Amino acid sequence: MNKGKAFIKRLTGYRLFLPLFCLVLVLFSNLIKTPGFFEVTIKNGVLYGYIIDVINRASDLVILAVGMTLVVAASGGTDISVGAVMSVAGAVCCFILSGGQQSVNEFVNPYILGVLAAVLAGILCGCFNGFLVAKLKIQPMVATLILFTAGRGIAQLITKGQITYIRVESYKMLGSSIPGIPIPTPVFVALIVVLLTYVLLKKTTLGLYIQTVGINAKASKLMGIKSSMIIFLSYVFCGLCAGISGLVASSRIYSADANNIGLNLELDAILAVALGGNSLAGGKFSLLGSVIGAYTIQALSTTLYAMGVSPDQIPVYKAIVVVVIVALQSTELKRMVSKLQMNIKSGKKVA
Amino acid sequence: MKKRVLSFLTAAVMTTAMILSGCSGAQTAATTAAPAATETKAETTAAKTEAPTTTAAAAEKKEIVVGFSQVGAESDWRTANTQSMKTTFTEANGYKLIFDDAQQKQENQLKAVRNFIQQDVDYIVIAPVTETGWDTVLQEAKDAGIPVIIVDRMINVSDDSLYTAWVGSNFLQEGYDAVAWLDDYLKKNNKADSDINIVTLQGTIGSSAQIGRTNGVEEKMKDHPKWKMLERQTGEFTQAKGQEVMESFLKTYKDINVVIAENDNMAFGAIDAIKAAGKTCGPKGDITIISFDAVAAAFDSMIAGDMNVSVECNPLHGPRVAEIIQKLEKGEKVDKIAYVKEGVFPADTAAAEKPKRQY
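So, how was this worked out
- Residues numbered from 1 in each chain as written.
- Chains lettered and ligands numbered in written order.
- Predicted model: local features only at pLDDT ≥ 70, side-chain atom pairs only at ≥ 80, totals over all residues.
- Contact = placed C-beta atoms within 7 Å.
- Nonpolar A, V, L, I, M, F, W, Y, C, P; charged D, E, K, R; others polar.
- Core = buried A, V, L, I, M, F, W, Y, C linked by C-beta atoms within 7 Å.
- Buried ≥ 20, exposed ≤ 12 C-beta atoms within 10 Å, placed from the backbone.
- Helix = DSSP H or I, 4+ residues; strand = E, 2+ residues; numbered from the N terminus.
- Pairing = 2+ DSSP bridges.
- Axes fitted to C-alpha atoms, helices over the stretch in contact; angles between N-to-C directions.

Novice: Looking at this model, I keep getting lost on the interface of chain A and chain B. Mind explaining?
Specialist: A common way to state how big an interface is: give the accessible area lost once the parts meet. Each partner contributes residues to the interface: chain A has 23 residues there, and chain B has 23 residues. Grouping the constituent residues of the side of chain A that touches chain B by class yields 9 nonpolar, 8 polar and 6 charged.

So this is what it looks like as C-alpha cells:
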C-alpha cells in the first residue's frame, strides 16, 4: 500500500506527468462516443485510423512547437511570425519548382533546389527576427509582428496572388506517404526534427546556455556566454523549423496557398509550449513537454470532429479544455487547493 | 552635459523627420494632383479639336467616368472580377475607368472613395473588404450626388439609400442549384428511390457564402425525405482543413454517398482524403462530389474524373454593373439587388467548357 502511494507520488512528481496525463485524458474521452477510436487498419498500404490522423496532422505543429520552445526559453518572448514564415517557405518552394507558372505537372527545377530554398527562406526570416530581438533589443512580439503582417504579403508577391499548384506525385510524398512505407511521411519529419533538436540540446552545452540566458541574460553575459548570440540563434532555429513545417504543409495540399498555409498556427504553437508545462517567461524548458502539448491540441481537434460537435460550438469546447489543462498545471492553483485542504483539516480539528 | 546633447540630438532628429514627412506628404499630394491636371488639359484639347466638327455629337459622346475600388488580388476569382470590370468599362464602350487596388485594406478603400468624390466621377463602384464602416464615406458620396454601386460582398449600413444597387452572387440560389443537380443526377442513375447519405464541408462559419449555400441546400433537402444529412462541419474554405475533416467523416460514417463542399478547395482536400481511405469518387466512383465556385482547378479535377459538379460563383460583374449604369443614365429606376447569372458545370461538360472560361 505504502509502496503504491510512493509510486504515485513519484509518478505525479515527474515533470511531464501532467501534460501526458492531459493528452491521455483527451484521447481516452473518445472511447465514450467513438469506441473504435484506437482502431488501426491498413488502407492502400498506409496505416489508417483516428489515432494515425492525430499523429500525422499534428506533425506541422510539433515542428513549430520545437522552434517556439527554444525562442520562449531563450528570450522569454514568442515568435508570432511562424505561421507567415511557413507560407513564405511554401511559396518559395512552389515558385522554384513551378518556375513561376501557376500550375505544373512536372518539376521545372530539381526538387532538392526547391526544398533548400524554402528552408533557406525560413532561416533568413529567422535571422531577421533574431537580429531585431537580439541585436536591436526590440520586444519579441513587436519584432516578429513585422513578419507576421508582412510575411503573407511577401508570399502573395512570390505567388503573384494566386494558388500555385505542383501536381507531381513525388511532391505529394512529403505530406502524404512514400510508397511501401506504412507510416505517413510528416510523422518521420517531425520525429527527426525532435530527435535532432533533443540530441543537439543534450549533447552540446546549447540547451544549458539557452536556459541560463532565459533565466538571466545579464548574469550569463557576465559569465561569458554571448547571450545575444544565443537568442539570435534560437530565432534562426525557429525560422528553420517554420520553413520545414511550411514545406510539409505545402506538400499536403501540393500547392502554395499564401493566404491559408499556417494560418493561426503561431497561436497553436505558443499554446503547445504552454500546455507542455513550460513557462512563457523563459528559462527552464522541456522540449518533450511542448511536443506533448502539440499532440494534445491536435488530439482535441480530431476528438471534436469524431464526436460530431457542430462547427459553431467547437471554439467553446476548445477554450474550456485549454482552460482546464492550463489550470491543472498552474502552481498557484495547487497552492490554493492545498491551503483549502489545510483549512478543512484544521477546521475539523477545532470542531 | 551628455544628457543635454542627447536630448538636443533627439529633438533635431524629430524635427528633421517631421520636415521630411511633411515634404513627402506634399510630394504625394503633388503627384496625385498632377494627373488630374493633365487630365483636364487633355479633355480641353480634345474638346477643342472636336469643337469645330459637331458640338452636338461631342456632347452626346461624353464618356462616363467610373471609379472602381477593388479589394486586391487575392485569388483567381478576384483577378477575373477585376478583369471583367476593366474589359467592360473601356473607352470604346464610352467609359473611363479609374481603378484602385486596396490591397485588402479598408482604409485604402475609404481613401480611394474620397479621391473619387474629389475627382467628381460619375459613378463609384466598390467591392468592399469588410461589411461595416461605410456609413460616413458613403454619406459623403451621397452628398456629392454620386451614385454608389456595391459589388460582391454586401455592406452593412444604417441607411439603405446610401448605395444605389448591389451586384453579386445569389448564394442561396447556388444551394438550390446544387440540390436540383443532385436530384437530376440520381434520377438519371436510377437511384432516385435509394437512401442517400450526405456530408457537408462548410465554409468559414458566418461568411455569406457559407450561410447562403448551407441554407439553400437545407431548404431544398426537405423535399427529399430519402436524403439524410449525416453531419456538417467547417473546413474553413481551405484544402488542408477540408481534407482533415473529410478524413474524420470517412472514419465515422462507412456509407457516405455524397459530399457537398462549399468551395472547390475543400473539395480537392476531400477527394485526397477519399482516395487515401481506399474509396473512389467522381462520376465513376462510389462517392459523388458536389462543389461550389467552379474555378479553373475545379475544371481540371472534373476532367480528371474526380469531381462530379461545380456550381458557379460568377465573378464577371462588369456587364451587370454597366447595365445598371446605363439605366441610371436614362433616368430609369433600378433594382436594389441584382444577381449575376450563374451556371452549373457537371463533369461531362467540363472538357468542352474549360477553354471558354475566363478564370
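Novice: How should the nonpolar core be read in this particular structure?
Specialist: Generally speaking, a soluble globular protein has its nonpolar side chains buried in company with each other. Counting 151 residues, the largest nonpolar core has Ala 65 of chain A together with Val 259 and Ala 270 of chain B as its most contacted members. Element by element, the count of residues in this core is highest for helix α13 (residues 227–252) of chain A, at 15 residues. With residues near it in sequence (within four places) discarded, Val 259 of chain B still touches Val 199, Leu 201, Ala 270, Ile 287, Ile 289 and Ile 290 of chain B.

Novice: How should I be thinking about the sheet that holds strand β4 (residues 164–166) of chain A in this particular structure?
Specialist: Hydrogen bonding along the main chain pairs the strands of a sheet, whether they run parallel or antiparallel. All names here are of chain A. Judged by pairing direction, the sheet is mixed, and its 3 strands sit side by side in the order β3-β4-β5 without closing on themselves. Across the chains shown, the open sheet's two edge strands, defined by having one partner strand only, are β3 (103–104) and β5 (255–256). Sheet topology places β3 next to β4; 2 bridges connect them, and they run parallel. Looking at the pairing, Ser 103 lines up with Tyr 165 of β4. Set on the sheet, helix α6 (residues 82–98) makes contact with β3, β4 and β5; between it and β4 the angle comes to about 65°.

Novice: How should the environment of Val 167 of chain B be read in this particular structure?
Specialist: Residue and element names in this part refer to chain B. Along the chain, the position of Val 167 falls in strand β5 (residues 165–168). By the C-beta count within 10 Å, which is 22 here, Val 167 ends up buried. Considering only alpha carbons, one finds Val 167 and Val 125, 42 residues apart in sequence, at a separation of 9.9 Å. Not counting residues up to four positions away in its chain, the partners in contact with Val 167 are Ile 149, Val 151, His 317, Arg 320, Val 321, Ala 338 and Val 340.

Novice: I keep staring at the sheet that holds strand β3 (residues 123–126) of chain B and nothing clicks. Help me out?
Specialist: Residues and elements named next belong to chain B. Strand order in the open sheet formed by 6 strands is β2-β1-β3-β4-β5-β11, with parallel pairing between adjacent strands. Every other strand in the sheet has two partners, leaving β2 (95–101) and β11 (337–339) as the edge strands with one partner each. With direction set aside, neighbouring strand axes in the sheet form an average angle of 20°. As paired elements, β5 and β11 share 3 bridges and run parallel to each other. Note on β11: the bridge partner recorded for Trp 166 is Ile 337.

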